Every structure is written in structure tokens, then in C-alpha cells.
2 protein chains.
Amino acid sequence: MVPILECVPNFSVGRDMQVLEAIADHFRGKQGVKLLDYTADADHNRSVITAVGQPEALRDALVSAVGEAVKRIDLNCHTGQHPRIGAADVVPFIPIRGCTMAEADAIARQAAAEIARRYDLPCYLYERSATAAHRKNLADVRKGEFEGLPAKMQDPLWKPDFGPEHPHPTAGATVIGARAPLIAFNVNLNTSDVRIAKAIARRVRHSSGGYRSVKALGVLVEQGEVAQVTMNLTDYTDTAVYRAFEAVKMEAARYGVGVRNSELIGLIPMQAVADCAAYYLQMDSLNVDRILESGLEF
Amino acid sequence: MVPILECVPNFSVGRDMQVLEAIADHFRGKQGVKLLDYTADADHNRSVITAVGQPEALRDALVSAVGEAVKRIDLNCHTGQHPRIGAADVVPFIPIRGCTMAEADAIARQAAAEIARRYDLPCYLYERSATAAHRKNLADVRKGEFEGLPAKMQDPLWKPDFGPEHPHPTAGATVIGARAPLIAFNVNLNTSDVRIAKAIARRVRHSSGGYRSVKALGVLVEQGEVAQVTMNLTDYTDTAVYRAFEAVKMEAARYGVGVRNSELIGLIPMQAVADCAAYYLQMDSLNVDRILESGLEF
């Protein structure tokens with residue numbers, strides 16, 4: 001079986017589609033690499049690319065895509081709601097099939113070393129690739145953002161893992177690492193009262209006492225009409241999708257509010273889908289070995 | 001994308017594992033063919049092989065496996081609870097990926113023609129390959145079983161599609177055809193009263209007024225301790241797994257009985273699993289394009 005990695009780089013461009021296309025092009029038409037998805041968010045002035053491929057081929061595509069971002073994006077003129085530290089802001093590598101976390105980590109380190117060497121860009125390793133506990137969490141690495149980098153990098157605690165000990169003048173720094181597959185999904189409520197979504201998020205997320213590996217926020221979407229609990233499951237083997245979903249439903253019932261629907265953002269591993277079906281159908285014998293790839297054409 | 005067919009032949013052998021192994025061997029070590037599963041049932045004196053592969057390679061493996069069954073199985077000395085018409089009793093071909101029902105049908109016809117020619121064995125086409133409405137349903141083709149074949153084959157309505165107009169002396173006849181993927185699953189109840197399982201089966205199955213493409217029976221399993229509704233979903237795009245499951249739950253509630261668990265027999269298409277997760281999570285955006293093949297090794 002050919003090993004498959006996923007790479008989901010986030011770039012600090014969300015309004016200039018020409019620049020995003022130029023970056024995405026580096027994942028196109030390459031042997032062993034497949035561009036699955038890319039989306040731009042104008043409010044956040046940020047975009048997310050989803051690509052999968054054979055580890056070395058995907059690494060090389062990513063390195064050249066980062067080069068494009070360094071050339072085209074100037075963080076000195078960048079505004080947006082989303083925190084960011086660099087033009088190629090964060091680059092996670094995720095093992096998908098026939099590939100261990102250690103192998104994903106090795107690819108992440110090779111990419112970081114090459115990016116630092118080729119573009120004179122400082123790189124930090126995070127998540128499963130972090131070289132110290134305080135560098136594991138993306139929010140901590142990114143704290144102070146692009147504007148705070150010159151001061152932050154003077155601190156020996158924040159010496160980069162690769163590259164110069166000062167920010168790139170226009171592209172800042174890049175955060176790279178291996179991590180478990182993350183599932184992003186939103187639960188929309190039958191209410192426009194965002195306070196309810198916020199209260200539910202507080203009870204479900206790990207940081208305020210909820211389920212492990214769950215991040216959650218309450219926000220208002222669809223022109224202020226729908227309160228939403230927006231979640232990241234950073235490890236679905238800790239907390240399954242159905243458990244997070246049912247926890248939101250249970251907390252919402254406390255306000256007499258129901259679930260309108262839920263949405264998946266990006267991709268989801270087959271095992272996570274099977275776990276949900278197995279739970280609701282009480283079907284212990286359902287596992288991925290019993291699932292036939294689909295795409296039936298009648 | 002390489003086209004993939006599934007073949008799930010049923011052989012009239014369930015007690016002699018040496019014979020079953022010899023038959024299964026024909027699906028082993030062949031380019032473009034993968035033996036996924038095989039199980040023998042002693043009560044039914046019957047076994048089911050599940051293999052997938054490239055259409056022509058799978059067809060050729062099946063033809064040689066049927067030859068093995070013709071050589072090794074004598075229906076004149078065969079007893080068992082399950083109705084059967086031949087040594088290689090029924091051979092469905094199911095399109096799995098990159099392959100239409102018409103292509104599966106063509107492969108089924110080629111296999112039937114070659115089996116008839118090579119082993120002098122009469123073959124009937126059924127399901128989507130049937131050449132007349134009265135031959136579509138397996139139960140109708142098999143009615144009268146091996147013992148009734150000499151008389152049945154005198155009727156012009158039951159002239160075989162390929163091969164001689166009389167049964168093979170030891171191997172009877174074989175029923176071959178293309179069909180949609182079938183999902184076999186059982187729902188075990190929190191009761192040992194089989195009358196309840198039978199009553200539920202009657203209300204759920206299509207033949208007595210229930211959901212379309214659902215076959216169901218009430219039986220007693222686990223040494224008479226558990227009443228079970230055993231189901232075949234012959235087209236999950238008509239009736240999804242979750243709908244059949246919830247229908248059983250709903251009818252069981254009428255007797256104050258709950259669901260103990262459910263079991264999957266054989267394989268299930270990924271789309272059918274995604275349909276269940278999408279229903280329970282109210283997640284319209286979940287579709288197979290968003291699902292990453294798994295097999296993560298951490």
C-alpha cells in the first residue's frame with residue numbers, strides 16, 4: 001500500500017485570489033500529489049489548502065508553495081481577524097494511510113529545514129514535532145503575531161528550530177509539524193441567541209472542563225440568524241464526533257433549544273465516520289475493514 | 001481509477017473445510033483479485049466467499065472456483081437448512097468502483113457462458129441480469145431446489161440461459177447475475193421471545209407492507225437466548241441502514257423491548273455508512289468525497 005500523508009497549510013492571503021491560485025498551483029500536476037480543496041476567507045484574510053500525497057512528493061510541493069507565498073505576501077501590509085505569524089502561517093502534516101506519526105514528523109522536519117535554507121525563513125516545529133513542551137500549542141507559538149516577532153525572537157525560549165534568529169522581513173516565520181487528523185465541525189442551533197452557543201461551548205470544550213481534545217467557541221452565523229457551536233476535535237480517538245455532537249444537544253436541551261443541523265469543514269477520516277455509525281446503530285462489528293470504498297456509478 | 005467488481009459466490013459446502021479451502025484457493029495469489037473473506041455455516045451446510053478485483057480477472061477466478069465446486073460437491077448427498085439448487089448455488093457480481101451495473105452484467109453473462117461451456121452446467125441469469133421478469137428473484141429461480149430441477153427444467157419457462165436443458169447430475173445448476181450491493185445485518189433484541197422478532201420482521205419487510213428493498217425474518221440465536229431480526233437490504237439507496245434500524249427499534253418499543261445490539265454480516269459500502277452518520281449527526285455536508293480512507297498507524 002502506498003503511504004499517504006495529508007498537508008493542510010494555512011496562508012495569510014484571503015482576498016487576492018490570483019496569489020492563492022499561484023500558491024495552489026504548486027500542488028497541481030505533480031506526480032504523487034493531489035490537491036483536494038482550497039478555500040479563502042476574506043474576513044480572516046487567510047486561506048487553507050488541503051492536499052494529499054506520497055510523503056516526499058507532498059513535502060517538495062509544500063516547500064515550493066511556501067516559496068511562492070514568501071515571494072507574493074507581505075505581512076507588513078496584512079490585516080485580518082485571524083492571528084498570524086507569517087505568510088505561510090502554519091503547515092500541519094497528518095498521517096492518513098500506511099504511514100506513522102514518526103514518519104509524518106520526519107517529513108515535517110525535512111520541510112522546515114529546506115524552507116529555512118532556501119528562503120532564509122525562521123521555522124518553528126509544533127504539535128507532535130515540537131522540540132519543547134512550550135512550543136507544542138500553536139496559539140503559544142503564534143502569540144504576539146508577526147508584529148511581535150522581532151521582540152519574541154530575542155528570547156532564547158523562542159529561538160527557531162531552523163533558520164535565522166530574526167524574522168523574515170516580509171514573510172515573518174512559519175510553524176510546521178506533524179499532528180493527528182483534526183475534525184472541524186459546526187453545530188447550528190435553532191436559536192439566534194449567541195449566548196446559548198457560548199455557554200454550550202464552554203461546557204463542551206476541554207479548556208473549561210469539557211471533553212478532552214475538544215476546542216469550541218460560540219459564534220453567530222448566517223447574518224446573525226443562527227447561533228453556532230464551532231468545534232475542532234484535535235483527536236477523535238479521545239472524543240468521537242458523536243460524543244461531541246450529543247454533548248452539544250444535551251446542553252442545548254437545558255435552554256429548550258434543539259439542533260438545526262451540523263456541518264463538516266474539510267475532511268474526516270473514515271474511521272471517525274465508522275465510529276459514529278457504529279455508536280448509533282449499536283453495531284460493534286462495524287470497522288473500516290468491513291467498509292468498501294464507494295463511488296458506485298450505476 | 002482501476003474498476004473494481006465484487007463477487008460473493010455461495011457454495012453448497014459448510015462442513016468440509018478442505019473442500020471450502022480448495023474452492024477459496026482459486027481467489028488466492030491471482031493478479032488483480034483479492035479474497036476478502038470466506039465463512040462456512042454447518043447448519044446451513046453452505047459457505048460464502050467475498051472477493052473483489054478487476055472485472056476480467058475476478059470473472060476468471062470465479063469460473064475456475066466453480067469448476068472446483070463441480071468436481072468436489074455432490075448435491076445428491078447434500079443436506080442442510082438452506083435452500084439450494086446447485087454446488088455453486090448463486091454467484092452475484094456487484095459493481096463497487098469505477099464500474100457500471102451494465103459492465104457487471106456483461107461480466108456475469110461471460111462467466112455464465114464459460115461455466116456452461118466448460119462444465120456442461122446449466123446457468124440461469126437473475127437479478128439485474130435476468131432475461132425475464134419471473135427469473136429476477138433468486139427464491140423463484142431456486143424454487144424446487146436441486147431435487148426438483150429435472151421436472152422444473154422441462155417447463156419452457158425454465159429453460160436455462162446457458163448450458164444443457166437438463167441438470168448437471170451432481171452439481172445441479174448455477175444462478176448468476178449482477179446486482180446492487182446488498183447489506184446483511186441483524187438486530188438483536190433484549191428478549192428471547194422469537195414471536196416478537198417475527199412480528200417486527202413482518203412489519204419492516206417489503207413483502208408484507210414494510211420498507212422497500214428490505215427482506216427480514218425473526219429468528220432465535222445464541223442458544224435460544226436472543227431473538228433476532230435478520231435483514232437484507234437489497235438496495236440501500238431505497239432504504240438506508242439507519243431507517244431499517246430505527247424501524248425495528250420503533251416496532252420493538254410496542255412490546256417494551258429494546259435493542260441489545262446490531263451486527264454487520266460481510267461488507268458495507270462506504271456511502272451506506274456515511275448515510276447513517278449524516279442522518280444521526282444531521283450533517284448534510286457529509287459525503288464520500290469528504291471522507292479520507294483510514295488505516296492510520298500511530
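Residues numbered from 1 in each chain as written. Chains lettered and ligands numbered in written order. Predicted model: local features only at pLDDT ≥ 70, side-chain atom pairs only at ≥ 80, totals over all residues. Heavy atoms only, no water.

A.B. asks: Just to check I follow, could you spell out the interface of chain B and chain A for this structure?
C.D. replies: The accessible area lost on association of the parts is a frequent measure of interface size. Each partner contributes to the interface: chain B provides 52 residues, whereas chain A provides 52 residues. Both sides of the chain B and chain A interface together cover about 4500 Å² of buried area, and 63% of this is carbon and sulfur. Inspection of the region where chain B meets chain A yields zero salt bridges. At the surface where chain B touches chain A, the tally comes to twelve residue pairs in polar contact (both at pLDDT 80 or more). For the side of chain B that touches chain A, the secondary-structure elements that each account for two or more residues are β5 (88-97), α7 (241-253), β11 (259-265), β12 (268-269), α8 (270-280) and β13 (291-292) of chain B. For the side of chain B that touches chain A, a count of residues per class yields 32 nonpolar, ten polar and ten charged. (Contact = heavy atoms within 4.5 Å. Buried area = accessible area lost by both parts, 1.4 Å probe. Salt bridge = Lys/Arg side-chain N within 4 Å of Asp/Glu carboxyl O. Polar contact = N/O pair within 3.5 Å; in protein donor to acceptor, adjacent residues only side chain to side chain. Helix = DSSP H or I, 4+ residues; strand = E, 2+ residues; numbered from the N terminus. Nonpolar A, V, L, I, M, F, W, Y, C, P; charged D, E, K, R; others polar.)

A.B. asks: Please clarify how the nonpolar core should be interpreted in this entry.
C.D. replies: Generally speaking, soluble globular proteins have nonpolar side chains that are buried together. Formed by 82 residues in total, the largest nonpolar core has its most connected members in Leu189(A), Met231(A), Leu189(B) and Met231(B). In contact with Leu189(A), other than residues within four places in its own chain, are Ile196(A), Ala197(A), Ile200(A), Val226(A), Ala227(A), Val229(A), Val248(A), Ala252(A), Val257(A), Gly258(A) and Arg260(A). Formed by 44 residues, the second largest nonpolar core is a distinct cluster that contains Leu58(B), Ala61(B), Met101(B) and Ala112(B). (Core = buried A, V, L, I, M, F, W, Y, C linked by side-chain atoms within 4.5 Å. Buried < 20%, exposed > 50% of the residue type's maximum accessible area, 1.4 Å probe, protein only.)

A.B. asks: What is the right way to look at the confidence of the model for chain A in this model?
C.D. replies: The predicted coordinates ought not to be read in detail in places where the model reports low pLDDT. Per-residue pLDDT for chain A has a mean of 92; in total, 98% of the residues score no lower than 70. With a pTM of 0.73, the predicted complex shows an ipTM of 0.72. (pLDDT = per-residue confidence, 0-100.)

A.B. asks: It is not clear to me how the relation of the copies chain B and chain A should be interpreted in this structure. Could you clarify?
C.D. replies: Applying a rotation about an axis and a shift along it to one chain copy brings it onto the other copy. Structural alignment of chain B on chain A gives an RMSD of 0.2 Å, achieved by rotating through 180° and translating 0.0 Å along the axis. Here the symmetry operator amounts to a two-fold rotation axis. For chain B, the residue whose C-alpha comes nearest the rotation axis is Ala277(B), separated from it by 2.5 Å. When the interface residues of chain B are mapped onto chain A, 100% of them are again interface residues, pointing to one common binding face. (Least-squares fit on C-alpha atoms with pLDDT ≥ 70 in both.)

A.B. asks: Where do I start with the packing of aromatic side chains in this structure?
C.D. replies: Here the distance between the centres and the angle between the planes together describe a pair of aromatic rings. For the structure on display, the rule yields nine aromatic pairs over all chains. The interplanar angle of 5° and the centroid separation of 4.1 Å between the aromatic rings of Tyr242(A) and Tyr279(A) together place this pair among those described as stacked. Placement of Tyr242(A) in helix α7 (residues 241-253) and of Tyr279(A) in helix α8 (residues 270-280) is noted, with a sequence separation of 37 residues between them. Seen in terms of ring centroids, Tyr280(A) and Tyr280(B) are 4.6 Å apart; in terms of plane orientation they differ by 10°. Their pairing is stacked. Pair noted here: Tyr280(A) is in helix α8 and Tyr280(B) is in helix α8, and the two residues belong to different chains. (Phe/Tyr/Trp six-rings, centres within 6.5 Å; stacked < 30°, edge-to-face > 60°.)

A.B. asks: I keep staring at the packing of helix α2 (residues 55-72) of chain A against helix α3 (residues 101-119) of chain A and nothing clicks. Help me out?
C.D. replies: A pair of packed helices can be characterised by two numbers: the angle between their axes and the separation between those axes. Residues and elements named next belong to chain A. Contact geometry for α2 and α3: axes closest at 10 Å, N-to-C directions at 35°. Helix-helix and strand crossings are classified by hand; for α2 and α3 the assignment is right-handed. Residues Pro 55, Glu 56, Arg 59, Leu 62, Val 63, Ser 64, Val 66, Gly 67 and Val 70 of α2 lie in contact with α3, whose contacting residues are Ile 107, Gln 110, Ala 111, Glu 114, Ile 115, Arg 118 and Tyr 119. Here the residues of the contact of α2 with α3 sort into nine nonpolar, three polar and four charged. (Axes fitted to C-alpha atoms, helices over the stretch in contact; angles between N-to-C directions. Left-handed = near helix turned anticlockwise from the far one by under 90°.)

A.B. asks: Just checking my understanding: could you explain the sheet that holds β11(B) for this structure?
C.D. replies: By way of backbone hydrogen bonds, the strands of a sheet pair with one another, either parallel or antiparallel. All names here are of chain B. Read across the open sheet, the four strands follow the order β9-β10-β8-β11; overall the sheet is antiparallel. At either end of the open sheet lies a strand with only one pairing partner, and these are β9 (214-221) and β11. Strand-to-strand twist of the sheet, defined as the mean angle between neighbouring strand axes without regard to direction, takes the value 20°. Note: β9 against strand β10 (residues 226-233), eight bridges, orientation antiparallel. Paired with Val 214 across the bridge in β10 is Leu 233. (Pairing = 2+ DSSP bridges.)

A.B. asks: How should I be thinking about a positive patch on the surface in this particular structure?
C.D. replies: Residue and element names in this part refer to chain A. A contiguous patch of positive charge, built from Lys 198, Arg 202, Arg 203 and Arg 254, is present on the exposed surface. By the element assignment, Arg 254 lies in the loop between α7 and β11 (259-265). On the basis of relative accessibility, which here comes to 59%, the residue Arg 254 falls in the exposed class. (Patch = residues over 30% accessible without salt bridge, like charges linked within 9 Å, V, L, I, M, F, W, Y side chains within 5 Å. Areas by Shrake-Rupley, 256 points an atom, 1.4 Å probe, with all protein chains shown as cover. Lys, Arg positive; Asp, Glu negative; His and termini not counted. Charge placed at Lys NZ, Arg CZ, Asp CG, Glu CD.)

A.B. asks: Any chance you could explain unusual backbone geometry here in plain terms?
C.D. replies: Keep in mind that most residues, glycine aside, have a negative phi and that most peptide bonds are trans. Despite not being glycine, Ser213(A) has its phi angle at roughly 65°, a positive value. Among the structural elements, Ser213(A) can be located in the loop between α6 (194-204) and β9 (214-221). Unusually for a residue other than glycine, Asp120(B) sits at a positive phi of about 55°. Here Asp120(B) shows up in the loop between α3 (101-119) and β6 (123-125).

A.B. asks: Explain α3(B) to me, please; I cannot follow it from the model alone.
C.D. replies: In an α-helix there are 3.6 residues to a turn, and that puts residues three or four apart on one side. Residues and elements named next belong to chain B. A rise of 1.5 Å per residue sets the reference length of α3, with its 19 residues, at 27 Å; its end C-alpha atoms lie 27 Å apart and thus fit the reference within 8%. For α3, every residue scored as buried is listed here: Met 101, Ala 104, Asp 105, Ile 107, Ala 108, Ala 111, Ala 112, Ile 115, Ala 116 and Tyr 119. The buried side chains of α3 occupy one side of the element, clustering within an arc of 165° when seen end-on. Opposite its buried face, α3 presents the exposed residues Ala 102 and Arg 117, each directed more than 90 degrees away. Each element contacted by the buried residues of α3 is listed here: β1 (4-7), α2 (55-72), β5, β6 and β7 (174-178). Trailing α3 by a residue or two, Asp 120 shows a phi angle of about 55°, which is positive. (Expected span 1.5 Å × (residues − 1). Arc of directions from axis to C-beta.)

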